[in-house]
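# Structural description and commentary
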Amino acid sequence: QVQLVESGGGLVQAGGSLRLSCAASGRTFSSVAMAWFRQAPGKEREFVAAISWSGGFIYYADSVKGRFTISGDNAKNTVYLQMNSLKPEDTAVYYCAAGNPRRISWYELRSEYNYWGQGTQVTVSS
């Protein structure tokens with residue numbers, strides 16, 4: 001079975017940086033895209049960033065564009081999220097996801113991803 005495991009979360013002051021990792025195991029080769037979502041208490045899970053190996057597409061939410069960078073190591077089945085200039089509003093549980101978005105414009109949709117990790121907590125203090 002497919003398993004996604006996030007790591008790298010923690011507590012950081014505003015303006016600091018963190019690097020999240022998502023290690024995929026099992027039969028993940030059919031997933032052409034991987035993404036990061038986040039969810040704060042009482043809020044819906046929101047899109048952060050996505051990457052597609054087949055087409056080389058990357059996509060960021062406006063809230064993180066210019067601050068976060070998504071990258072991947074295909075050989076290791078691992079995706080990373082480098083988070084710089086962190087803000088208190090970035091505080092959330094960050095989830096890794098894998099799937100096959102059918103359209104470029106759908107990369108931000110939760111419904112396009114069928115595999116999810118358990119999440120890693122990111123807390124940014126002011």
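None of the values given here were measured: they were computed from a predicted structure.

### Notes on the packing of aromatic side chains
Two aromatic rings are characterised by how far apart their centres lie and by the angle between their planes. A full pass over the atoms with the stated rule returns five aromatic pairs. With a centroid separation of 5.5 Å and an interplanar angle of 75 degrees, the aromatic rings of F37 and Y113 are classed as edge-to-face. With F37 in strand 4 (residues 33-39) and Y113 in strand 10 (residues 113-116), the pair connects residues that are 76 residues apart, well separated along the chain. Given a relative accessible area of 4%, Y113 falls into the buried group. On the basis of an interplanar angle of 75 degrees and a centroid distance of 6.4 Å, the ring pair of Y113 and W116 is categorised as edge-to-face. The rings of F37, F47, Y59, Y113 and W116 are connected pair by pair, giving a single aromatic cluster. Here the guanidinium or amino end of R19 rests over the ring plane of Y80, the centre of that ring lying 4.0 Å away.

### What to know about the sheet that holds strand 7 (residues 68-73)
One open sheet accounts for four strands, arranged 1-3-8-7; its pairing is antiparallel. The open sheet has two edge strands, strand 1 (3-7) and strand 7, and neither has a second partner. On average, each strand axis in the sheet is inclined to that of its neighbour by 15 degrees, with strand direction left out of account.

Reading the values: the criteria
Residues numbered from 1 in each chain as written. Predicted model: local features only at pLDDT ≥ 70, side-chain atom pairs only at ≥ 80, totals over all residues. Heavy atoms only, no water. Phe/Tyr/Trp six-rings, centres within 6.5 Å; stacked < 30°, edge-to-face > 60°. Helix = DSSP H or I, 4+ residues; strand = E, 2+ residues; numbered from the N terminus. Buried < 20%, exposed > 50% of the residue type's maximum accessible area, 1.4 Å probe, protein only. Lys NZ or Arg CZ within 6 Å of the ring centre and 35° of its normal. Pairing = 2+ DSSP bridges. Axes fitted to C-alpha atoms, helices over the stretch in contact; angles between N-to-C directions.

These results come straight from atomic positions and should not be treated as a statement about function.
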